Amino acid sequence: MAASSLLLFALLLACQSASAFMSPLTRTSSTLQNNNRHHDVSSTTALQMGMGEMEVIECDVAIIGGGPAGCTCALYTARADLSTVILDKNPASGALAITSHIANYPGVDRAMTGAELLEQMKVQAVEYGTKYEKAQVFMIDVNKDETGDDVYTKCVYTPDVTIKARSLVLATGAMGRVGKPFPGEKEFLGSGVSYCATCDGAFYRDSVVVVYGISTEAIEEALFLTKFAKTVHWITSLCISRETASGLERNKVLDQELLDQLYACENVEHLEKTKLVEVLGDMSGVTGVKIKRQGMEEEVIETEGAFIYGSGGGSKPITDFCQSKVALDEGGGVIVDADMKTSCDGVYAIGDIRNTEYKQVVVAASDGCIAAMSIEKFLNNRKTVKVDWIHK
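Residues numbered from 1 in each chain as written. Predicted model: local features only at pLDDT ≥ 70, side-chain atom pairs only at ≥ 80, totals over all residues. Heavy atoms only, no water.

1. Focus: helix α6 (residues 216–225)
Move 1: For α6, the tally of buried residues reaches ten of ten residues, placing the bulk of the element in the interior.
Move 2: Those residues of α6 not exposed but buried are Thr216, Glu217, Ala218, Ile219, Glu220, Glu221, Ala222, Leu223, Phe224 and Leu225. (Buried < 20%, exposed > 50% of the residue type's maximum accessible area, 1.4 Å probe, protein only. Helix = DSSP H or I, 4+ residues; strand = E, 2+ residues; numbered from the N terminus.)

Dropping the structure here:
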């Protein structure tokens, strides 16, 4: 407990400075009103650390991940009068969000995009009382020995808010990068290499940083870093736009509004058709990155920070925030039983994070339903599952 507390203290100190520059999340300073809930989501201010106050939210169910699995689970737990919070890092970067058309989800028009379906799922969950937070999770506690709380035995940490919950659902999907890391990436992870600008951006005030990746997540992170860094080198292996007969055409998968915001920043330099070759450094940490532009020789950009994001995502279950607190299979997926329970009591895993072969929206939604019904049984000490709930 002591070691994890020291780690948390250091992380929160780092994140507090960065969070001051973030667009504020929608907050409530008092208990959320929902007459049908017996455990309301309550918001308090606590964890005073000399650099401001960290908001603490208490709830019955904390769900990490806002994809189809997480939204379905939230819909069912909220309907069961369980106060529910979804923590979603980036709603535009999940597997469903980047799917152009959905043709095999029951009852959905074949012209509907994945993003549209996901938005409907989110809205439905929120309408039944779910609290939705856009936040990056960097650490969890999963038992009362770690949290020191007999009621809220789960704790989820983000740069802006700490969630205390009676149960926890892991639904972060499987779009982590696969394959070997870049040379130097693993060696300098935590010493200049980062995967979270929100957490580490404040360390690079008036510095030169590099962001590598061609995804909406990479654009968001680069945009955040412009508030601190003197120069942000955004490196993409492909072209974002191309000349057509009707004019300049951009990659439509990426968020166009965010692209406009990033390009409008005077401290951003975009290097297209450029490969990241190696992260360079010494005992002090990262000192530069070696790159290769198309048709040119390798060159070095001097930098103190390298923020590396997958090029369009991968297929590896995203479990880095779990810190080995739940059992994983050989492929990195979270091991669950038929009720979606993990190796840790009160913690569930749903969707592609299970490393299932059946990576389909309808399967993820099914997982969410099963987990929600299991959680309702667990929290209310039932012997059998309650099939459905009437929401007034």
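2. A word on the pattern of salt bridges
Close approach of charged atoms lets side chains of opposite charge pair.
Move 1: What the rule picks out here adds up to twelve salt bridges.
Move 2: The closest approach of N and O atoms between Glu119 and Lys122, which form a salt bridge, is 3.5 Å. One end of the pair, Glu119, and the other, Lys122, are both in helix α3 (residues 114–127), three residues apart, so they sit about a helical turn from each other.
Move 3: For Glu119, a relative accessible area of 40% puts it in the partly exposed group.
Move 4: One salt bridge connects Arg354 with Asp367, and the closest N-O pair in it is separated by 2.9 Å. Taken together, the residues span a long stretch of sequence, with Arg354 in the loop between β18 (347–349) and α8 (361–379) and Asp367 in helix α8 at a distance of 13 residues. Across the pair, exposure class does not vary: Arg354 and Asp367 are buried alike. (Salt bridge = Lys/Arg side-chain N within 4 Å of Asp/Glu carboxyl O.)

3. A few points about the sheet that holds strand β15 (residues 285–293)
Move 1: Ordered in space as β14-β15-β16, the three strands form an open sheet in which the pairing is antiparallel. Taken across any chain shown, the strands that pair with only one partner, and hence form the sheet edges, are β14 (274–282) and β16 (298–302). Direction aside, neighbouring strands of the sheet carry axes that sit 30° apart on average. (Pairing = 2+ DSSP bridges. Axes fitted to C-alpha atoms, helices over the stretch in contact; angles between N-to-C directions.)

By themselves, these figures tell us nothing about what the structure is for.
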